Amino acid sequence: MATACGLCAGANYFNQPLLNSIAHALQVSESTAGILVTCAQVSYAIGLLFLVPLGDMLERRKLTVGLMLLAALGLLVSGFAGLMPSPFIALVLGTLVTGLFSVAAQVLVPMAASLAPRESSGRAVGLVMSGLLTGILLSRTVAGLLSAVGGWSLVYKVGGVAMVLVALALYRVLPKVAHSGARLPYGQVLGSMATLIRTQPRLRTRTLLGGLAFASVSVLFSTMALMLGGPEHGLSDSSIGLIGLSGVAGALMANAAGRLVDKGLERPTTAFSVLLLVVNWALLWYSQHSVFLFIAGMLVIELALQGTHICNQNVIYRLAPEARSRINACYMTGYFIGASAGSAIGAWAWHHGGWTGACIAGAVLALLNVAALLADRRLSHPGAAASAARAG
C-alpha cells in the first residue's frame, strides 16, 4: 500500500524538475510550462472531491486498482505527447488524467487506518504516508535522472508501466474491504460531505492548516527548478532531481509524527511543524547564493509539511470513523486546493519578483497558517468543538 501510494502521488511531481527541458523541447515559455504543476494539483483536487468518497460506497480493492489503471493511461499519454499534433496540449491532457485518477492513494490511506487497531492507527497512517512522501521525493530524482538518459518523456513511459504492474500486484494482495457505513446514493454521499464540514469544526480548521501549509510549500515546488536551473546555479535536470533527495527526512518524519500522535503529543508536534515552516523561509531566501543552503531548506520544509499533515490526518480520522473516506476527501480537497493556489501564487511571485518574491509569498502563507493553528487550538479544548458545531 505504501508503494502504491508513493507511485500515485509521485506521478504528479514528475514534471517539477523538468520544466526547463519541457519548455525548450515543446517550444513554450517557462511560465507556460509551469502551468503543468497547477494542472496536476487542480485535477487531483477534483478527484479528491468526486472520486475518493466512493471509498465509503464501493469495494475498496477494486476501486483502488481501477483508479490506478486510469492514472497509468494518463502517464502514457504524457509519455507519447511528443508524437501528437499538439504536443503540449497532449501533455496537459495526460497530466490532467493522471492527476484525476491518482487519488487512489487517498483511498488507501484511510483504508490503512481502518485495518489497523485504534491504538496503532497513527503508526499505520504514518507508514503508508512515509511511502507516499518517499514516492513524491524520489519522483523528482528519478525524473531528473531518466531525463538525462532518454529525455523528459521517458519518466512518463516508465511510470505508466510501473503503475500497471503495481495495480495488478495490489489486486492480488489487498483484502476486500467494503464500504464502512450504510450504502447511500452517490449524490447523498457527496451531500454528506457538506454536512461533515458544517458539523465538524476541527475538520474545518485542520483542513485550513493543511491547505495553507501545502500552499506555502508549493510556492517552493513551483519555482525551485527555475531558480536552480537559472544563471545563479545553472544546474541540470538530473542535478535538480538529486537535490530532491534532501527531503527524504520529511518522509521519515511522517512515521515519527504518527508515533508521537499515538503517544498523545499531537498538539506540540503540530505547533512545532507550523512554526518551523515560517522560520525556514529565511533560510530558503539565502539559498539563492548557496546550493547547500537550499538542500538544508528543502529538508526542513519537508519536515514541517509532513509533521503538520500527519497530525492533521490522525485528528480528522477520529472525528467520524464510519465516514473516513469522506472525511479524507474533504480534508485532502482543501489540502490540494491550497497546493494549486500556492503553485499559481509562486508562478506569479516569480514573474514579478524572482526568487525574493517567491520567498516573500511563501512566508506570508506560512504566517497565515499560524492563525489557523491558533483557531484550532481553541477548538481542541474540551467542549469547545461541540459548542462550535452547535453554533454552526
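Refer to the structure above for everything that follows.
Residues numbered from 1 in each chain as written. Predicted model: local features only at pLDDT ≥ 70, side-chain atom pairs only at ≥ 80, totals over all residues. Heavy atoms only, no water.

Novice: When you look at the packing of aromatic side chains in this model, what are you seeing that I'm missing?
Specialist: For any pair of aromatic rings, geometry is given as the distance between the ring centres together with the angle between the planes. Taken as a whole and assessed by the stated rule, the structure comprises seven aromatic pairs. Considering the side-chain rings of Y13 and F221, the 6.1 Å spacing of their centres and the 90° angle between planes classify their relative orientation as edge-to-face. Within this pair, whereas Y13 is found in the loop between α1 (2-10) and α2 (19-25), its partner F221 is found in helix α11 (residues 201-228), the two being separated by 208 residues in sequence. For the pair Y13 and F221, one class covers both residues: buried. (Phe/Tyr/Trp six-rings, centres within 6.5 Å; stacked < 30°, edge-to-face > 60°. Helix = DSSP H or I, 4+ residues; strand = E, 2+ residues; numbered from the N terminus. Buried < 20%, exposed > 50% of the residue type's maximum accessible area, 1.4 Å probe, protein only.)

Novice: In this structure, what is going on with the packing of α1 against helix α9 (residues 154-173)? I would like to understand it.
Specialist: When two helices pack together, their arrangement is given by the angle between their axes and by how far apart the axes lie. At a minimum axis distance of 10 Å, the contact between α1 and α9 shows a crossing angle of 150°. As the angle between them shows, α1 and α9 are arranged roughly antiparallel. Between α1 and α9 the crossing geometry is left-handed. Residue-level inspection shows A4, L7 and C8 of α1 in contact with α9, the latter providing A162, M163, V166 and L170. When its residues are assigned to classes, the contact of α1 with α9 shows seven nonpolar, no polar and no charged. (Axes fitted to C-alpha atoms, helices over the stretch in contact; angles between N-to-C directions. Parallel < 35°, antiparallel > 145°, perpendicular 65-115°, else oblique. Left-handed = near helix turned anticlockwise from the far one by under 90°. Contact = heavy atoms within 4.5 Å. Nonpolar A, V, L, I, M, F, W, Y, C, P; charged D, E, K, R; others polar.)

Novice: Any chance you could explain a nonpolar patch on the surface here in plain terms?
Specialist: Together, V42, I46, L49, F50 and Y186 give the surface a local cluster of nonpolar side chains, amounting to about 380 Å² of exposed area. The leading source of residues in the nonpolar patch is helix α4 (residues 35-50), at four residues. (Patch = residues over 30% accessible without salt bridge, like charges linked within 9 Å, V, L, I, M, F, W, Y side chains within 5 Å. Areas by Shrake-Rupley, 256 points an atom, 1.4 Å probe, with all protein chains shown as cover. Salt bridge = Lys/Arg side-chain N within 4 Å of Asp/Glu carboxyl O.)

Novice: Honestly, the nonpolar core in this entry has me stumped. Any pointers?
Specialist: Residues L132, M163, F214, L220, W281, F294 and F336 are the most contacted members of the largest nonpolar core, which totals 109 residues. Sorting elements by how many residues they give to this core places helix α16 (residues 324-379) first, with 17 residues. In this structure F214 touches Y13, F221, L305, Y335, F336, G338 and A339, once residues within four positions along its chain are discounted. (Core = buried A, V, L, I, M, F, W, Y, C linked by side-chain atoms within 4.5 Å.)

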